[in-house]
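Residue-level structure breakdown
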Amino acid sequence: MPATTAPTPGTPPVSERAVRRRLTVEIWIVLGLSLGRSGVYALVAILDRMTAGPPLADQSTTINGPLNPRPWLDVLYQVLSIGFALVPVALALYLLSAGGRSATRRIGLTAARPWRDLGVGVGLAALIGIPGLGLYAVGRAVGITVQVQPTTIDDHWWTIPLLVALALKNALLEEVVAVAYLMERLRELRWSAPLVVAASALLRGSYHLYQGWGPFVGNVVMGLVFAEYYRRRRRVMPLVVAHTVMDLVVFVGYALIPGAWLTSLGLD
């Protein structure tokens, strides 16, 4: 049996209430540094849009835009943005590894079953992505969704690799933090399974509010499916694959569509 450190004489045992309070504070810190912050800004953004005057259908937003007018500085800023956006992912994994347990194995962020994860991921992408396009079209038709431009980054030799990196960054950030980390911690706080799934789904919907109410609803539905899959399988890698595939189709597909086609579809 491994040696254990004896408690310091006179030190009271840590209460369950104290542990729960620490986990709660930890969750707020992680979310405040990442997707929770994005959710708050998205809420303010939708309030701004709804009170600005023009209806939502006449407004637009861009997911991936240039960060500097000079190309070499733009790509440098983009790479830095991706790197710093992944710091909360590293923090979440570090916190989940407390006690020496591998966080990546704990949440199933491994390459142990590559073909199965790829198949499940592509299947989930089709299950969510195809109806999602229809929901976006309906939202635009009824005026509850703004026009979303996936990218306005100029065409350079590095544009497609950058969009691929942005897709992977989004997938890792959202699936590790909003699904795996949050659900693991809420389970430790003894939340019921329905509440855990709902919390993850509502968080996902919150930071998409800037796109309108249609994307909010669509991402909540996506969050319910993804969270329930993780609850049952405890494996996040297929979700990362699915999210990456969906973003690749949107980001890279949009970048490759000829300008005349975008104009005819009203997406320019």
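Note that the structure is predicted; figures quoted are calculated from it, not measured.

Observations concerning the overall build of the protein chain
Looking only at helices and strands, one finds 11 helices and two strands in the protein chain. The helix and strand sequence of the protein chain, counted from the amino end, reads α-α-β-α-α-α-α-β-α-α-α-α-α. Each of the 268 residues in the protein chain was classed as buried or not, and the buried ones make up 41%. Long-range contacts, defined here as pairs at least 24 residues apart, represent 76% of the contacts in the protein chain between residues at least 6 apart. Accessible area for the protein chain stands at about 14,800 Å²; split by element, carbon and sulfur atoms hold 68% of it.

Topic: the pattern of salt bridges
Counted by the stated rule, this structure contains 13 salt bridges. Its salt-bridge partner being Arg22, residue Glu26 comes within 3.5 Å of it at the nearest N-O pair. Of this pair, Glu26 and Arg22 are both found in helix 1 (residues 16–32), four residues apart, which corresponds to roughly one turn of the helix. We classify Arg22 as exposed; its relative accessible area is 55%. One salt bridge connects Arg204 with Glu175, and the closest N-O pair in it is separated by 2.8 Å. You can see Arg204 sitting in helix 8 (residues 193–206) and its partner Glu175 sitting in helix 7 (residues 159–188), a full 29 residues away along the chain. The exposure class assigned to Glu175 is buried, which follows from its relative accessible area of 0%.

Digging into the packing of helix 4 (residues 87–96) against helix 7
Two numbers describe how helix 4 lies on helix 7: the axes approach to 9 Å, and their chain directions differ by 25 degrees. Looking at the two axes, helix 4 sits roughly parallel to helix 7. The handedness of the crossing between helix 4 and helix 7 is left-handed. Facing helix 4, whose interface residues are Pro88, Val89, Ala92, Leu93, Leu95 and Leu96, helix 7 presents Leu172, Leu173, Val176, Val177, Tyr181, Glu184 and Arg185. Of the residues assigned to the contact of helix 4 with helix 7, the class counts are 11 nonpolar, no polar and two charged.

Digging into the packing of aromatic side chains
One pass over the full model with this rule turns up one aromatic pair. The interplanar angle of 85 degrees and the centroid separation of 6.1 Å between the aromatic rings of Trp213 and Phe216 together place this pair among those described as edge-to-face. One end of the pair is Trp213 and the other is Phe216, both in helix 9 (residues 213–233) and three residues apart, which spans about a single turn. A residue is classified by how much of its surface remains accessible, and Trp213, at 32% relative accessible area, is partly exposed.

Things to note about the pairing of strand 2 (residues 147–151)
Strand 2 sits mainly inside the fold: five of its five residues count as buried. With four bridges connecting them, strand 1 (residues 60–64) and strand 2 associate as parallel partners. Each residue of the ladder has a partner; that of Thr62, found in strand 2, is Gln149.

Let's talk about helix 9
In this model, helix 9 (21 residues) spans 30 Å end to end at C-alpha, consistent with the 30 Å of a helix rising 1.5 Å per residue. Taken as a whole, helix 9 has its buried residues at Gly214, Pro215, Asn219, Val220, Met222, Gly223, Phe226, Ala227, Tyr229 and Tyr230.

So, helix 8
Every α-helix carries 3.6 residues per turn, so stepping three or four residues along brings you back to the same face. With 14 residues, helix 8 extends 20 Å from end C-alpha to end C-alpha; this agrees with the ideal 20 Å at 1.5 Å per step. Within helix 8, the full set of buried residues consists of Val196, Val197, Ser200, Ala201, Leu203, Arg204, Gly205 and Ser206.

Basis of the calculations
- Residues numbered from 1 in each chain as written.
- Predicted model: local features only at pLDDT ≥ 70, side-chain atom pairs only at ≥ 80, totals over all residues.
- Heavy atoms only, no water.
- Helix = DSSP H or I, 4+ residues; strand = E, 2+ residues; numbered from the N terminus.
- Buried < 20%, exposed > 50% of the residue type's maximum accessible area, 1.4 Å probe, protein only.
- Contact = heavy atoms within 4.5 Å.
- Areas by Shrake-Rupley, 256 points an atom, 1.4 Å probe, with all protein chains shown as cover.
- Salt bridge = Lys/Arg side-chain N within 4 Å of Asp/Glu carboxyl O.
- Axes fitted to C-alpha atoms, helices over the stretch in contact; angles between N-to-C directions.
- Parallel < 35°, antiparallel > 145°, perpendicular 65-115°, else oblique.
- Left-handed = near helix turned anticlockwise from the far one by under 90°.
- Nonpolar A, V, L, I, M, F, W, Y, C, P; charged D, E, K, R; others polar.
- Phe/Tyr/Trp six-rings, centres within 6.5 Å; stacked < 30°, edge-to-face > 60°.
- Pairing = 2+ DSSP bridges.
- Expected span 1.5 Å × (residues − 1).

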